[in-house]
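# Observations on the three-dimensional arrangement
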Amino acid sequence: MLRVENLTCARGGVPVLAKVSFAVDPGQALILRGPNGVGKTTLLRTLAGLQPAIAGNVSYPEDEGAYASHADGIKTALSVTENLKFWADVHGADLPDDILDTFDLADLRDRMGGTLSAGQKRRLGLARLGVIGRKVLFLDEPTVSLDAFSVKLFADWLQNTHLAAGGVAVIATHIDLGLAAPELDLTPFKAAEDARGGSDEAFL
Amino acid sequence: MIALLLRDLRLAVRAGGGFGLGLAFFLIVVVLVPFGVGPETAVLSRIAPGILWVASLLAALLSLDRIFALDYEDGSLALLATSPLPLEGAAMIKALAHWITTGLPLTLAAPALGFLLSLAPEAYAYLLISLLIGTPALSMIGTFGAALTVGLRRGGLLLSLLVLPLYVPTLIFGAEAVRRGADGLDPNGALMLMAGITAGSFALLPFATAAVLRINLR
Amino acid sequence: MSMWEYANPKLFMGWTRPVLPWSFALAAVCLVVGLIWGFFFTPDDFRQGSTVKIIYLHVPAALMAINAWIMMLVASLIWVVRRHHVSALAARAAAPVGIIFTLIALFTGGVWGQPMWGTYWAWDPRLTSFLILFLFYLGYIALWEAIEDPDTAADLTSVLCMVGSVFAILSRYAVLFWNQGLHQGASLSLDKEENVADVFWFPLLVCIAGFVLLFIALVLMRTRTEIRARRIRALEARARRA
């Protein structure tokens, strides 16, 4: 469902990863590993189409990609339900009945986004993924500030709802989500010092 | 698109400031002018069209930097860019939301402030019409400027520097229409030209705004 | 070889190196000849007296102030369409030159206007248009300076230049609508009947050629500086990664 071929991507005009290739089948997840600064976020943003790739191909069904990072677009002046409803409306989807229970947000449904704790906010941000109905998820550190219980909630949703329905996820994370998913270490793909395609290249 | 408009309006109402601040600023500028130029009714009535237009332009400018800044900081903008909503449409909706929260209240408040400046009685209708036609252009041009400076930390001042020259034609036609109305001349030419600017802005600037947003999100 | 190859930074540095001193020298010759001819070997105007001679600075500066913006617009379009770095850097290099020409035109205009109209400044359409042009230059330069990433800055300033051009033209017509003005009509046009008299016209042409050459020389020099700065940046970035 998701196929990446010889992808080279850059941060600030400098190539960071070169010739990344992998494929993820429906119902599968892929965990990205690698030390800080190796380019996990850059890769995910490139896959999601937020920044152009220098070279290579990314293919997945059109209008099926979704990106989530630590900045999860929660409005402090909107309630939990309103936040979710907004993203459902933007994506032309209906709010699933059980979504609040799945992410343990039922008790918080009328709380304002600004009064949530960091972990609660994160759960709300992840619940957005269950609302928008997209099949290919690009998740950048989805479990930051979540406690063990919430990590389990999220992993369960990912495994039993998203992947079980034929979805795909590429996840950059440092912790063990407890998913039976292959891991891809990005260190070998680190772009060489003189890798081609940087925005300054024409000047060298 | 409607969802985005409703969300922005709801946020503006809940976070306060949106309506109130621009209006209060408008009022203060208009009140300060007589202190600066003296209380003679004849002078005030002569400069009233210009003052009202310049003041509403500055009041509209005041809230521009918030059009995209919050959405950029909390990540909503990146999420919107990957959503099925075209960014061009989002840009237009953002401008519309800005107009509803600033341009429209300013337009409605302007006649009351025109009273303070002894605006000629014939000019009220044209003041209302010219602001009604012209302030949407101010919002759309301002949205473009806000998109240009969204990634910058101290973008506010730069935003004014970029947007003010772009406001010149709208201001000229707007104030001219009111002035001609006050002098009993035909203001339709100015109104038509201003309507043209507004229509042109809404037709073309959403594309420029979306292009600029994509560049800033990279 | 396509003409675009000359836009490769390395090739550009190569062919501009010999061109640069020549363009400076030619500009100097034209300016010296044109200004001396204009100032000392033309008669005083029967109405304007010797103040008319400021035309040799005023008209070329005003002409180049507008042409510099048009050149920036073309360079921006080339950057957006073909992504030649030199093009974006040339647009950046031209802006400060253009703003100085605008200031020269405004200043000499004021000096000329005082004895003629009795005022240094009037809200005449032409004068006002140049003031607005000055603001456009200011915003354009400020945006370049504000953005750190050079490619992002090139992209954003290009869009601003294009949108700004449309609004600059709109402003021009709006200003005409707003005030009919004092300024005389165009000093130059292809229609000979409307031109200034030949005695003023030929030295003026030499001065204009001098200003064009000066503009080319300054922009080439500044573009070379920008290219070197980018090169240093690229080398530093590479050194950091090593």
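These lines cover the structure that appears in this document, whether it is placed above or below. Being a predicted model, the structure only gives us computed values, none of them experimental. (Residues numbered from 1 in each chain as written. Chains lettered and ligands numbered in written order. Predicted model: local features only at pLDDT ≥ 70, side-chain atom pairs only at ≥ 80, totals over all residues. Heavy atoms only, no water.)

## What about the overall build of chain C?
Along its length, chain C carries six helices and zero strands. Ordered by position from the N terminus, the helices and strands of chain C form the series α-α-α-α-α-α. With respect to the three principal axes, the spread of C-alpha positions in chain C is 70 × 40 × 30 Å. Counting only residues that meet the buried cut, chain C has 48% of its 242 residues in that class. (Helix = DSSP H or I, 4+ residues; strand = E, 2+ residues; numbered from the N terminus. Buried < 20%, exposed > 50% of the residue type's maximum accessible area, 1.4 Å probe, protein only.)

## Remarks on the nonpolar core
The biggest cluster of nonpolar side chains holds 178 residues, and the ones touching the most others in it are A:Phe22 and B:Phe144. Looking at which element gives the most residues to this core, the answer is helix H8 (residues 155–182) of chain B, with 13 residues. Not counting the four nearest positions on each side in its chain, A:Phe22 is found in contact with A:Leu2, A:Arg3, A:Val4, A:Leu30, A:Leu43, A:Leu47, A:Val170 and A:Leu184. Core analysis: the next-biggest nonpolar cluster, separate from the first, contains eleven residues, C:Leu35, C:Trp112, C:Leu204 and C:Cys207 among them. (Core = buried A, V, L, I, M, F, W, Y, C linked by side-chain atoms within 4.5 Å. Contact = heavy atoms within 4.5 Å.)

## A few points about the interface of chain C and chain B
Across the boundary between the two partners, chain C contributes 24 residues, which contact 27 residues of chain B. For the pair chain C and chain B, the summed buried surface comes to about 2,200 Å²; carbon and sulfur atoms form 84% of the total. The largest contributions to the chain C side of the interface with chain B come from C:Leu156, C:Phe167 and C:Phe177, which together make up 29% of the buried area. Remark: the boundary between chain C and chain B carries one salt bridge. Its salt-bridge partner being C:Asp155, residue B:Arg218 comes within 2.9 Å of it at the nearest N-O pair. Taken together, the connections running from chain C to chain B amount to one residue pair in polar contact (both at pLDDT 80 or more). Breaking the side of chain C that touches chain B down by element, the ones donating at least two residues are helix H4 (125–146) and helix H5 (150–178) of chain C. For the side of chain C that touches chain B, the leading source of residues is H5(C), giving 15 residues. A breakdown of the residues in the side of chain C that touches chain B according to their chemical character gives 18 nonpolar, four polar and two charged. (Buried area = accessible area lost by both parts, 1.4 Å probe. Salt bridge = Lys/Arg side-chain N within 4 Å of Asp/Glu carboxyl O. Polar contact = N/O pair within 3.5 Å; in protein donor to acceptor, adjacent residues only side chain to side chain. Nonpolar A, V, L, I, M, F, W, Y, C, P; charged D, E, K, R; others polar.)

## Points about the pairing of strand E6 (residues 136–140) of chain A
Residues and elements named next belong to chain A. Within E6, five of the five residues are buried, leaving the element largely enclosed by the surrounding structure. Taking every second residue as pointing to the same face, both faces of E6 are buried, with Val136, Phe138 and Asp140 on one and Leu137 and Leu139 on the other. The pairing of strand E5 (residues 65–68) with E6 spans four bridges and is classified as parallel. Across the sheet, residue Ala66 finds its bridge partner in E6, namely Leu137. Handedness of the E6-helix H5 (residues 148–163)-strand E7 (residues 168–172) crossover: right-handed. (Pairing = 2+ DSSP bridges. Right-handed = clockwise from strand over helix to strand, strands pointing away.)

## Some details on the packing of helix H9 (residues 188–217) of chain B against H5(C)
The N-to-C vectors of H9(B) and H5(C) enclose an angle of 175°; their axes lie 10 Å apart at closest approach. Between H9(B) and H5(C), the angle is such that the two are roughly antiparallel. Between H9(B) and H5(C), the contacting residues are B:Gly189, B:Ala190, B:Leu193, B:Ile197, B:Ser201, B:Leu205, B:Ala208, B:Val212, B:Ile215 and B:Asn216 on the first element and C:Thr152, C:Asp155, C:Leu156, C:Val159, C:Val163, C:Phe167, C:Leu170 and C:Phe177 on the second. (Axes fitted to C-alpha atoms, helices over the stretch in contact; angles between N-to-C directions. Parallel < 35°, antiparallel > 145°, perpendicular 65-115°, else oblique.)

## Comments concerning the interface of chain A and chain C
A common way to state how big an interface is: give the accessible area lost once the parts meet. Contacts between the two partners involve eleven residues from chain A and, on the opposite side, 15 residues from chain C. Buried surface at the junction of chain A and chain C, summed over both partners, amounts to about 1,400 Å²; 57% is from carbon and sulfur atoms. Contact with chain C buries area across many residues of chain A, yet A:Glu193, A:Phe203 and A:Leu204 alone supply 55% of it, more than any other trio. For the pair chain A and chain C, the number of links is zero salt bridges.

## Describing the sheet that holds strand E8 (residues 183–185) of chain A
Residue and element names in this part refer to chain A. The five strands lie next to each other as E5-E6-E7-E3-E8, forming an open sheet whose pairing is parallel. Across the chains shown, the open sheet's two edge strands, defined by having one partner strand only, are E5 and E8. In this sheet, adjacent strand axes meet at a mean angle of 15° when their direction is disregarded. Sheet strands in contact with helix H1 (residues 40–47) are strand E3 (29–33), E5, E6 and E7, and its direction is about 155° off that of E6. Of the strands in this sheet, E5 and E6 touch helix H4 (residues 118–132), which is tilted by about 170° from E5.

## Re unusual backbone geometry
Residues and elements named next belong to chain A. Here the phi dihedral of Glu141 falls at roughly 50°; this positive angle occurs in a residue that is not glycine. Looking at where Glu141 falls in the secondary structure, it is placed in the loop between E6 and H5. With a relative accessible area of 19%, Glu141 lands in the buried category. Phi angles above zero are rare outside glycine, and Ser145 is one such case at about 65°. Among the secondary structure elements, Ser145 is positioned in the loop between E6 and H5. When its relative accessible area of 42% is taken as the criterion, Ser145 is described as partly exposed.

## Details of the pairing of E7(A)
Residues and elements named next belong to chain A. In terms of residue burial, E7 counts as a mostly covered element, since five of its five residues are buried. For E3 and E7, the ladder comprises four bridges, and the chain directions are parallel. Paired with Ile31 across the two strands is Ile171, which belongs to E7. Of the pairings in the sheet, the one linking E6 to E7 comprises five bridges and is parallel in character. Its bridge partner lying in E7, Leu139 is registered against Ile171.

## Side note on the packing of aromatic side chains
The full count for this structure, using the stated rule, is 14 aromatic pairs over all chains. On the basis of an interplanar angle of 50° and a centroid distance of 5.6 Å, the ring pair of A:Phe103 and A:Trp157 is categorised as tilted. Here A:Phe103 is found in the loop between helix H3 (99–102) and H4, whereas its partner A:Trp157 is found in helix H5, with 54 residues between them in sequence. Both residues of the pair, A:Phe103 and A:Trp157, count as buried. Centre to centre, the rings of B:Phe173 and C:Phe177 are 5.3 Å apart; their planes meet at 75°, and the pair counts as edge-to-face. Residue B:Phe173 is located in helix H8, and its partner C:Phe177 is located in helix H5; the two belong to separate chains. A residue is classified by how much of its surface remains accessible, and B:Phe173, at 4% relative accessible area, is buried. A connected cluster of aromatic rings, assembled from ring pairs, spans C:Trp69, C:Phe136, C:Tyr137 and C:Tyr140. For the cation-ring pair, A:Arg128 lies above A:Trp87, with the distance from its terminal atom to the ring centre recorded as 5.5 Å. In this structure, C:Arg83 packs its charged tip against the face of C:Trp79, placed 4.3 Å from the ring centre. (Phe/Tyr/Trp six-rings, centres within 6.5 Å; stacked < 30°, edge-to-face > 60°. Lys NZ or Arg CZ within 6 Å of the ring centre and 35° of its normal.)

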